[in-house]
Amino acid sequence: MPLYYDESTELFTICSKIRKLHKKGVRYFIIDYLQIVGVNLGKGSTREQEVAFITRTFKQLARELRVVIFGLAQLLRDIDKRAIKRPTLADLRESSAIEADADIVMLLYRPEIYKVTEWDREWDFVQKKKKKGELEINVAKYRNGQPFEVRVKFWGDFQRIMN
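Keep in mind that what you see is a predicted model, and the values were worked out from it rather than measured.

Turning to the environment of Lys-153, a few remarks are in order. Secondary-structure assignment places Lys-153 in strand E5 (residues 148–155). Residues Lys-153 and Asn-163 lie 10 residues apart in sequence; the distance between their C-alpha atoms is 6.0 Å. Those residues in contact with Lys-153 that sit more than four places away from it in its chain are Lys-132, Gly-133, Arg-160, Ile-161 and Met-162.

Next comes the structure, spelled out in structure tokens:
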């Protein structure tokens, strides 16, 4: 599968490139990451308003072209100060509009990063399972269904996720 890579950070440049690639048959796009995308809404606008405009624009573009746009977002650093490091929707950085505009929000949690060796809650009826090499995917928002969580194997050396 061909992969196109572009370092553009200005919103309307990215949208233009998505439109051109869509004409070539590309249907999936990844924005890494949303908070780095730039847009100037004028004097007096806050970064939260800008991020809200960015997410709204990408959502409208995805609907118009009938494509999938994955937007990666950074979380607040306050997570590192909490006892339980599992991310929540409230941890999305700079704008609640990311949550509001997204059809699906997935939060990834790798306990071994925080030197945690046992899961803090039951999974598959085994409560104190070792978690080295595991990744929890929390689908915290799912517009077409119920939110859910799944744990998968994560091979960090290869950045590979497996069932």
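Past the structure itself, the notes keep going.
Strand order in the open sheet made by the 4 strands is E3-E4-E5-E6, with antiparallel pairing throughout. With one partner strand each, in any of the chains shown, strand E3 (104–109) and strand E6 (160–162) form the two edges of the open sheet. Neighbour to neighbour, the strand axes of the sheet diverge by 35 degrees on average, direction disregarded. Pairing analysis gives 6 bridges linking strand E4 (residues 134–142) to E5, with the strands arranged antiparallel.

We now examine the side chain of Asn-138. Within the secondary structure layout, Asn-138 lies in strand E4. Overall, the relative accessible area of 13% leaves Asn-138 in the buried class. Among residues more than four places away in sequence, those in contact with Asn-138 are Pro-87, Val-105, Met-106, Leu-107, Phe-148 and Glu-149.

With that settled, consider the nonpolar core. Core analysis: the biggest nonpolar cluster contains 24 residues, and Leu-11, Ile-18, Ile-31, Val-37, Ile-54 and Phe-58 have the highest contact counts within it. Elements with a contribution of two residues or more to this core: helix H1 (11–23), strand E1 (28–32), helix H2 (47–65) and E3. Among the elements that take part in this core, H2 stands out by supplying 6 residues, more than any other. The contact partners of Phe-58, leaving out residues within four places of it in the chain, are Leu-11, Ile-14, Cys-15, Ile-18, Ile-31, Leu-34, Val-37 and Ile-69.

In the structure shown here, the tally under the stated rule is 3 aromatic pairs. Ring geometry for Tyr-142 and Phe-148: centres 6.4 Å apart, planes at 85 degrees, overall edge-to-face. Judged by its relative accessible area of 42%, Phe-148 is partly exposed.

Time to look at the packing of H1 against H2. The contact between H1 and H2 brings their axes to 11 Å, and the two run at 15 degrees. Classed by the angle they form, the pair H1 and H2 counts as roughly parallel. For H1 against H2, the interelement crossing comes out right-handed. Across the interface between the two elements, Leu-11, Phe-12, Ile-14, Cys-15, Ile-18, Arg-19 and His-22 of H1 pack against Phe-53, Ile-54, Thr-57, Phe-58, Leu-61, Glu-64 and Leu-65 of H2. In the contact of H1 with H2, the residues fall into 10 nonpolar, 2 polar and 2 charged.

A few words on the environment of Val-152. Assignment of secondary structure puts Val-152 in strand E5. Discounting chain neighbours no more than four positions away, the residues touching Val-152 are Gly-133, Glu-134, Leu-135, Ile-137, Ile-161 and Met-162.

Most of E4 sits inside the fold, with 8 of its 9 residues counted as buried. The antiparallel hairpin formed by E4 and E5 contains 5 residues in its connecting segment.

Here Glu-50 shows up in helix H2. The class for Glu-50 is buried, based on a relative accessible area of 13%. Within the structure, Glu-50 has its side chain in polar contact with the side chain of Arg-47 (distance 3.0 Å). When residues no more than four places from it in sequence are discounted, the contact partners of Glu-50 are Val-39, Leu-41 and Ser-45.

Rules and cut-offs
- Residues numbered from 1 in each chain as written.
- Predicted model: local features only at pLDDT ≥ 70, side-chain atom pairs only at ≥ 80, totals over all residues.
- Heavy atoms only, no water.
- Helix = DSSP H or I, 4+ residues; strand = E, 2+ residues; numbered from the N terminus.
- Contact = heavy atoms within 4.5 Å.
- Pairing = 2+ DSSP bridges.
- Axes fitted to C-alpha atoms, helices over the stretch in contact; angles between N-to-C directions.
- Buried < 20%, exposed > 50% of the residue type's maximum accessible area, 1.4 Å probe, protein only.
- Core = buried A, V, L, I, M, F, W, Y, C linked by side-chain atoms within 4.5 Å.
- Phe/Tyr/Trp six-rings, centres within 6.5 Å; stacked < 30°, edge-to-face > 60°.
- Parallel < 35°, antiparallel > 145°, perpendicular 65-115°, else oblique.
- Left-handed = near helix turned anticlockwise from the far one by under 90°.
- Nonpolar A, V, L, I, M, F, W, Y, C, P; charged D, E, K, R; others polar.
- Polar contact = N/O pair within 3.5 Å; in protein donor to acceptor, adjacent residues only side chain to side chain.

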